[in-house]
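# Structure assessment
Listed here are the chains, written in short residue letters.
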Amino acid sequence: MTTGILTTVRSGRHSCFDRVVFDVSGTTPGYGVRYVSNVFRPGAGHLMPLRGGAKLQIVLGVNEFDDAGHWAYQPSRSDELTNVTGYRTFRQIAYAGSTEGAAWIGIGLRARLPFRVHTLAGPGTGSRVVLDVAHTW
């Protein structure tokens, strides 16, 4: 885990893949990404409905609260973190919730396609976790 806090989630389209970037203030967090049958809300265990034929679950080791004790990441719409209308692979990016120092995110995809995850330093003292999902095999 890390002392970092998830600040924003953004996405982009590229010629061969769709990308989602998780911006973190602070050090690079630990993470886990895997295909699952369904994504469930942490703690309560309720099903997180996602559009698409395949689902990725992402768990980011980030703090839930800032230094003042306020919720660190509060998206305006937890079911649509970014608008992925028109993307070739992404169908939906949703915030499932957080528990015990981890943020859970579900991504609905067109199909089960190859993906890669990497981290980047910056900007400044922050870091980024980057997930690319291919358009085809």
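Residues numbered from 1 in each chain as written. Predicted model: local features only at pLDDT ≥ 70, side-chain atom pairs only at ≥ 80, totals over all residues. Heavy atoms only, no water.

## A word on the overall build of the chain
Helix and strand counts for the chain stand at zero helices and ten strands. Shown N-terminal to C-terminal, the secondary structure of the chain runs as helices and strands in the order β-β-β-β-β-β-β-β-β-β. Here the C-alpha coordinates of the chain stretch approximately 45 × 35 × 25 Å along the principal axes. Relative to its full complement of 137 residues, the chain shows a buried share of 45%. Put simply, of all contacts in the chain between residues at least 6 apart along the chain, 60% involve residues at least 24 apart. Carbon and sulfur atoms form 51% of the exposed surface of the chain, whose accessible area is close to 7,000 Å². A gap of 13 Å separates the mean positions of the 14 positive and 9 negative side-chain charges of the chain. (Helix = DSSP H or I, 4+ residues; strand = E, 2+ residues; numbered from the N terminus. Buried < 20%, exposed > 50% of the residue type's maximum accessible area, 1.4 Å probe, protein only. Contact = heavy atoms within 4.5 Å. Areas by Shrake-Rupley, 256 points an atom, 1.4 Å probe, with all protein chains shown as cover. Lys, Arg positive; Asp, Glu negative; His and termini not counted. Charge placed at Lys NZ, Arg CZ, Asp CG, Glu CD.)

## Quick word on the sheet that holds strand β9 (residues 115-121)
Pairing between the strands of a sheet comes from backbone hydrogen bonds, and it takes one of two forms, parallel or antiparallel. Strand order in the open sheet formed by four strands is β1-β2-β10-β9, and the pairing between neighbours is antiparallel. Pairing within the sheet leaves two strands with one partner each, and these edge strands are β1 (5-13) and β9. With direction set aside, neighbouring strand axes in the sheet form an average angle of 20°. Inspection of the sheet shows β9 paired to strand β10 (residues 127-134) by seven bridges, in the antiparallel sense. From the neighbouring strand, L120 faces β10, where its bridge partner is R128. (Pairing = 2+ DSSP bridges. Axes fitted to C-alpha atoms, helices over the stretch in contact; angles between N-to-C directions.)

## With respect to the environment of P42
Relative to the assigned elements, P42 resides in the loop between β4 (39-40) and β5 (47-48). According to the relative accessible area criterion, P42 is buried, its value standing at 16%. Along the backbone, P42 and G97 are 55 residues apart, and their C-alpha atoms lie at a distance of 6.2 Å. The contact partners of P42, leaving out residues within four places of it in the chain, are A96, G97, S98, T99 and W104.

## Here's the deal with the packing of aromatic side chains
If you walk through the whole model with that rule in mind, you get three aromatic pairs. Considering the side-chain rings of Y87 and F90, the 6.0 Å spacing of their centres and the 20° angle between planes classify their relative orientation as stacked. The residue whose ring lies beneath R116 is F17, and the NZ or CZ to ring-centre distance is 5.9 Å. (Phe/Tyr/Trp six-rings, centres within 6.5 Å; stacked < 30°, edge-to-face > 60°. Lys NZ or Arg CZ within 6 Å of the ring centre and 35° of its normal.)

## Notes on the environment of Y73
Within the secondary structure, Y73 sits in the loop between β6 (54-60) and β7 (90-99). For the pair Y73 and A103, spaced 30 residues apart in sequence, the C-alpha to C-alpha distance is 9.0 Å. Once residues lying within four places of it in the same chain are set aside, the contact partners of Y73 are L6, T7, T8, V9, L81 and Y95.

## Let's talk about the nonpolar core
In terms of nonpolar packing, the biggest core is built from 26 residues, with L6, F22, F90, I93, I105 and I107 touching the most fellow members. Listed by contribution, the elements that provide at least two residues to this core are β1, β2 (17-25), β6, β7, β8 (102-109) and β10. Dropping the residues within four chain positions of it, F22 is found in contact with L6, T8, V9, I58, L60, I105, S127, R128 and V129. V36, V39, M48 and L50 belong to the second largest nonpolar core, which has six residues in total. (Core = buried A, V, L, I, M, F, W, Y, C linked by side-chain atoms within 4.5 Å.)

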